[in-house]
Amino acid sequence: MAVGPKRALAWVVAFFALAWATPAPAVIKVDHPVSKIYAEAKTVIAGVVARVNPDNRVVDIKVQTVIKGDPVGDQIRIQLVSPAELIRHVAPELPVLVFAGEAEAVVHLADTWLLAKKLPVAGPPAWRVESVYATARTTFPGRTVGLIALAAQLKAGGPKFMDVADKEAFGGGAAQRELRPPLTAKPTFLAAADLNGDKKLDLIVGTASGVKLFLAADKGYTDVTETWRLTGAAGSHCAVADVNGDGKPDLLLGKTLWLRSDDAFVQTKTALDLPPESDWLAVTLADATGQKRPDVVVLLKNGKLITLANPGSMDKPWPATTKTLWQDAEVPYSRITAAFSADWGDNGELHVLVVREKDIVRYACGPTPEPPADFDRLTGVPLASDKDLGGKPLKNVVAAAIDYDGNGKLDYLIVTPEAGITLVNRGFGSFLTSAIHSVFHVRGEDKLPFALTPATCVAPGAISAGKTPRQNLLVLTEEGKLFELDNSEK
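First things first, this report covers the structure right here in the doc. The model shown is predicted, which means the values in this text are computed figures rather than measured ones.

**Describing the overall build of the protein chain**
Argument step 1. Looking only at helices and strands, one finds three helices and 32 strands in the protein chain.
Argument step 2. Radius of gyration (C-alpha) of the protein chain: 25 Å, near the 23 Å computed for a compact globule of 490 residues.
Argument step 3. For the protein chain, the spread of C-alpha atoms along the three principal axes comes to 80 × 55 × 45 Å.
Argument step 4. Within the structure as shown, the protein chain displays about 21,300 Å² of accessible surface, and the carbon and sulfur contribution to it stands at 52%.

Shown next as structure tokens:
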């Protein structure tokens, strides 16, 4: 007979709950966090699958470490009775985590929460799994490898794992920032980075007539495109990183690398073997190969990911590798946008979040193979259940990767003309959701002095004043007006 919630461990009875705070904006809150489960477990065991016997459904597990409690020996066993189909996904070297009590346990295996009863057998400790614990997804929706890392952090007394999303953001309103001289061409992209080392964010702005560089000045930004020798630079995409290891930020503008040299940028002759920019969806300069150097990483509209490995010298070729994240026919380009970050997985490697009309999916870009993770895997709940979106498709999206809550991890703000959603980064490849985007839909006297359109450009702004280092948000409208949303903590 399957083990139900009422027969599980006492500390599992009220295991997890998904609660929407009221009034709006809505916040997902985990009422029975991993930290409490860890505290109330007698033993916490991490291991890897050694052998799988599909006939009797027994999984032998090699113990790697006892994170909490007394030693249990070198091996434990799990009999995976139900769900029946899960045994097909269990293979050697797969990670396993067990939160064990006196007679029952919660097991995380094949990235799935399970309920188990201890078996009265001689030899290695053994448990029989008889049911999935579906509601546990909301407390930690990520992979087993991430949960093991979280348990290790709890043992070490590390930073608290996020169990509630901060629902307040951009409460300081929007202030217009002056561009001197004003833009005369429609902007196509906006990037922000400290280019001159004064600890202020400068702006790289794409326009139909070329790239413009604005340095931060008093209450605004001054155009230094000519003096910094970027006149004639062009591109519909931009990325910033220290490519050559000299401690100064360099630019990728389209298919061209520009290296910082004193107070100027110098165009390199480095040949980057890339398709036309019209095929691009997103680009970044980030380590995708594990060599600790920024590589050129381009996601194409057809789902192909191209990585040009940084050779460590501008005189050497940048070898290219390509992998398919999704098939071309699966996702029409007109309905997606994307952004990269090393913050969005559980292993520190580069990932990309792709926003689609009906889902948000994370793909691994680094050297470690990893299956795609949909919104359900990222948050523990299906996107269709989000109360803010109300089943609305994610169309005409304006999105920004920004640390809105000041916890040092990039979140993902996604806004549509009618609604939106924010993926709040908890760490270890998991997210909460918050409705902080609602500030963009306020009506009346508190309405923002601009409207978001698909052509609006956004980028992280300055670190706001307050208790935590939350990021402001820069918004560049189609008309070339620049605003900064104050994200100070009240």
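**Considerations on the sheet that holds strand 5 (residues 75-80)**
Argument step 1. The seven strands are arranged 3-4-5-9-8-7-6 in a closed barrel whose pairing can be described as mixed. Taken pair by pair, the neighbouring strands of this sheet meet at an average axis angle of 35°, ignoring direction.
Argument step 2. In terms of strand pairing, strand 4 (residues 58-68) meets strand 5 through five bridges, oriented antiparallel. If you follow V58 over to strand 5, its bridge partner there is Q79.

**Some details on the sheet that holds strand 23 (residues 337-341)**
Argument step 1. Judged by pairing direction, the sheet is antiparallel, and its three strands sit side by side in the order 23-24-25 without closing on themselves. Where the open sheet ends on each side, the last strands, each with one partner, are strand 23 and strand 25 (360-364). Strand-to-strand, the axes of this sheet are offset by a mean angle of 20°, without reference to chain direction.
Argument step 2. Where strand 23 meets strand 24 (residues 351-355), five bridges bridge the pair, whose relative direction is antiparallel. Within strand 24, the residue paired with T337 across the bridge is V355.

**Side note on the pairing of strand 6 (residues 95-100)**
Argument step 1. Most of strand 6 sits out of view: five of its six residues are buried.
Argument step 2. Pairing of strand 3 (residues 43-53) with strand 6, which is carried by six bridges, proceeds in the antiparallel orientation. The partner of T43 across the bridge, within strand 6, is A100.
Argument step 3. In this sheet, strand 7 (residues 104-109) lies alongside strand 6 in antiparallel orientation, the contact comprising five bridges. Along strand 7, the bridge assignment pairs L97 with H108.
Argument step 4. Joining the antiparallel neighbours strand 6 and strand 7 is a turn of three residues.

**A closer look at the state of the cysteines**
Argument step 1. What the rule picks out here adds up to zero disulfides.
Argument step 2. The thiol sulfur of C238 is not disulfide-bonded, and the nearest other cysteine sulfur, from C457, lies at 11 Å.
Argument step 3. The exposure class of C457 is buried, given its relative accessible area of 7%.

**Observations regarding the nonpolar core**
Argument step 1. Among the nonpolar cores identified, the biggest contains 24 residues, and F170, L413, F440, F450, L473 and L485 are the most heavily contacted of them.
Argument step 2. Put simply, the parts of the chain that give this core at least two residues each are strand 26 (398-402), strand 27 (411-415), strand 31 (471-476) and strand 32 (482-485).
Argument step 3. Tallying contributions element by element places strand 26 first for this core, with three residues.
Argument step 4. With near-sequence residues (within four places) excluded, F440 lies in contact with L413, V415, L448, F450, L452, L473 and L485.

**A short note on empty space enclosed by the protein**
Argument step 1. Enumeration according to the criterion identifies one cavity of 30 Å³ or more in this entry.
Argument step 2. Taken as a whole, the largest cavity encloses approximately 40 Å³ of empty space.
Argument step 3. As for the largest cavity, its lining consists of V398, A399, A400, L413, V415, F440, L452, V458 and L473.
Argument step 4. Breaking the lining of the largest cavity down by element, the ones donating at least two residues are strand 26 and strand 27.
Argument step 5. Counting residues per element, the lining of the largest cavity draws most heavily on strand 26, which supplies three residues.
Argument step 6. When grouped by side-chain class, the residues that make up the lining of the largest cavity number nine nonpolar, no polar and no charged.

**Quick notes on helix 2 (residues 144-156)**
Argument step 1. Between its terminal C-alpha atoms helix 2 stretches 19 Å, which fits the 18 Å expected from 13 residues at 1.5 Å a residue.
Argument step 2. Within the sequence span of helix 2, burial applies to T144, G146, L147, I148, L150 and A151.
Argument step 3. Packed against the buried residues of helix 2 are helix 1 (34-40), strand 3, strand 4, strand 6, strand 7 and strand 8 (112-118).
Argument step 4. G157 sits one or two residues past helix 2 and shows a positive phi near 70°.

**Details of unusual backbone geometry**
Leave glycine aside and you will find that most residues have negative phi; peptide bonds, for their part, are mostly trans.
Argument step 1. Residue P83 is reached from S82 by a cis peptide bond, and omega for that bond is 10°.
Argument step 2. Along the chain, P83 falls in the loop between strand 5 and strand 6.
Argument step 3. For the bond from R180 to P181, the omega torsion is -5°, close enough to zero to count as cis.
Argument step 4. Structurally, the position occupied by P181 is in the loop between strand 10 (174-180) and strand 11 (187-193).
Argument step 5. One non-glycine residue, K199, lies in the positive phi region at around 65°.
Argument step 6. In this structure, K199 sits in the loop between strand 11 and strand 12 (202-207).
Argument step 7. For K199, a relative accessible area of 80% gives the class exposed.
Argument step 8. With phi around 60°, F428 is a residue other than glycine that occupies positive phi space.
Argument step 9. Mapped onto the elements of the fold, F428 is located in the loop between strand 28 (420-427) and strand 29 (430-434).

**As for the pairing of strand 10**
Argument step 1. With four bridges connecting them, strand 10 and strand 32 associate as antiparallel partners. Of the residues in strand 32, the one forming a bridge with R177 is L482.

Parameters at a glance
- Residues numbered from 1 in each chain as written.
- Predicted model: local features only at pLDDT ≥ 70, side-chain atom pairs only at ≥ 80, totals over all residues.
- Heavy atoms only, no water.
- Helix = DSSP H or I, 4+ residues; strand = E, 2+ residues; numbered from the N terminus.
- Rg over C-alpha atoms; globule rule 2.2 N^0.38 Å.
- Areas by Shrake-Rupley, 256 points an atom, 1.4 Å probe, with all protein chains shown as cover.
- Pairing = 2+ DSSP bridges.
- Axes fitted to C-alpha atoms, helices over the stretch in contact; angles between N-to-C directions.
- Buried < 20%, exposed > 50% of the residue type's maximum accessible area, 1.4 Å probe, protein only.
- Disulfide = S-S within 2.5 Å.
- Core = buried A, V, L, I, M, F, W, Y, C linked by side-chain atoms within 4.5 Å.
- Contact = heavy atoms within 4.5 Å.
- 1 Å grid on protein atoms, 1.4 Å probe; cavity = no way out; pocket = protein on both sides within 12 Å on 5 of 7 lines; lining within 4 Å.
- Points joined across faces, edges and corners; volume = space filled by probe spheres on them.
- Nonpolar A, V, L, I, M, F, W, Y, C, P; charged D, E, K, R; others polar.
- Expected span 1.5 Å × (residues − 1).

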